[in-house]
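Coordinate inspection notes
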Amino acid sequence: MPELVVTALLAPSRLSLKLLRACMWSLVFSAALVAAAFYGCIALTHVLCRPRRGCCGRPRRAAPVCLRDPELGEHCFLTLRSSGLRLHYVSAGRGNGPLMLFLHGFPENWFSWRYQLREFQSRFHVVAVDMRGYGSSDAPKDVDSYTMDLLMVDVQDVILGLGYSKCILVSHDWGALIAWNFSVYYPSLVERMVVVSAAPMSVYQEYSVRHIGQFFRSNYVFAFQLPWLPEKVLSMSDFQILKTTLTHRKRGIPRLSPDELEAFLYDFTQPGGLTGPLNYYRNIFRNFPLEPQELATPTLLLWGEKDPYFEQGLVGAIGRRFVPGRLEAHTLPGAGHWIPQSHPKEMHQHMWAFLQDLLH
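What you see as residue numbers is a count from 1 along each chain, following the sequence as written. Where totals are concerned, whole chains, interfaces and linings use all residues; where local detail is concerned, this predicted model gives features only for residues with pLDDT of at least 70, and gives and counts side-chain atom pairs only at 80 or more. To obtain the side-chain values, all non-hydrogen atoms of the structure were included, while hydrogens and water were left out.

Focus: the UniProt feature "domain: AB hydrolase-1" (unreviewed entry) in the protein
As a reminder of what qualifies: UniProt positions are given in the numbering used here, feature names are shortened, and annotations may be inferred rather than shown by experiment. Each helix corresponds to a stretch of at least 4 residues labelled H or I by DSSP, and each strand to a stretch of at least 2 residues labelled E; elements are numbered beginning at the N terminus.
Those residues carrying the UniProt feature "domain: AB hydrolase-1" (unreviewed entry) are residues 98–339 in this numbering. Secondary structure across residues 98–339 divides into 41% helix and 14% strand, with the first and last C-alpha atoms of the span separated by 23 Å.

Here you go:
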């Protein structure tokens, strides 16, 4: 068929897709303005209630001692083959078994896996990375350096750069969004997956259209689409919104000590420390609308009954995308969003059972 005829036949579909994307972006930025105004009011309230802290955040001069705890592992750096970026990671148990690679979420870093690093280093080589833009890892400033494709290549380069051909991939929150995609596009590199508190983007897209409540639970995603303003809002009153997110009595991480809180805040308080992490969110709508994906990697999914950010209905939506027999899902009673830190014992029990056959 002549190329001109093919182009003419595809023209209506291409036009419809462009109109759909234009409509989507107009809705996204409208929601972004509303959400930014909402969080701006919250930040301003914090400033007025605590005027001594001022409007700008205070950069921390020294990292907290808990980030140097030798029981958690050795601090190392790896230069990625594809990008040349240098990623920081903490490693323990090399030679004890298969690679168990941990991917963290926001607003966190490698330290969010401290309980798992202690638990599994006796039988696995455990590695918790600071994702690009976080912690001591390199942090490109431009938004285009944080696309899903580049983030997946980072994971590939870490696995191969550490000398392995596959891994057990453990992930939470944003790290889980990357892990879901990675298991689809790089299945040979993932032997098993453990996913905590996150759905694949395509599932989230389809579910949110049908359940408007999920949009309200994730309203911060829209606020983060704007340039520079989210960094300013999050840093106001000495990063109070981040502090509240992590320490809230009902929605935060239970029993988080002041030193542990500072372990998460330290790098965000440095100049430009929030831009890399927020650039993840600024790419989240880049490829929408997304096509449904079939999921086949053997996966343990852990979900919090009281997760304030994601509805429980997403668990069933994820299960409908899986090849039968490949998903083991558990909803933890009373748990919120931060399961690796709030319910480590329950998480470890499910993980040991799920990985038992790999230990013989």
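Some points on the side chain of N283
To be explicit about the condition: Polar contacts here mean pairs of N or O atoms no more than 3.5 Å apart (in protein, one a potential hydrogen donor and the other a potential acceptor; neighbouring residues in sequence count only if both atoms are side-chain atoms). Only heavy atoms matter for contacts: two residues are in contact if any of them lie within 4.5 Å across the pair.
Within the secondary structure layout, N283 lies in the loop between helix 10 (275–282) and strand 7 (299–304). Among the polar contacts listed, one links the side chain of N283 to the backbone oxygen of N279, at a separation of 3.0 Å. Among the polar contacts listed, one links the side chain of N283 to the side chain of R286, at a separation of 2.8 Å. For N283, the contacting residues outside a window of four places in its chain are V143, Y146 and T147.

Some remarks on the pattern of salt bridges
What counts is decided by this rule: For this document, the term salt bridge refers to a Lys or Arg side-chain nitrogen within 4 Å of an Asp or Glu carboxyl oxygen. A 1.4 Å probe rolled over the protein chains alone gives each residue an accessible area, and that area as a share of the maximum for its type sets the label: buried under 20%, exposed over 50%, partly exposed in between.
Considering all chains together, one arrives at 14 salt bridges under this definition. The residue R58 makes a salt bridge to D238 at a minimum N-O spacing of 3.7 Å. Pair noted here: R58 is in the loop between helix 1 (3–49) and strand 1 (74–79) and D238 is in helix 8 (residues 229–247), with a separation of 180 residues, a long-range link. Taking the relative accessible area as the measure of exposure, R58 reaches 48% and is therefore partly exposed. For R286, the salt bridge identified is with D144, shortest N-O distance 2.5 Å. Taken as a pair, R286 in the loop between helix 10 and strand 7 and D144 in the loop between strand 4 (125–129) and helix 3 (148–161) lie far apart in primary sequence, 142 residues in all. Because the salt bridges share partners, they merge into one network encompassing R58, R60, D238, K243 and E262.

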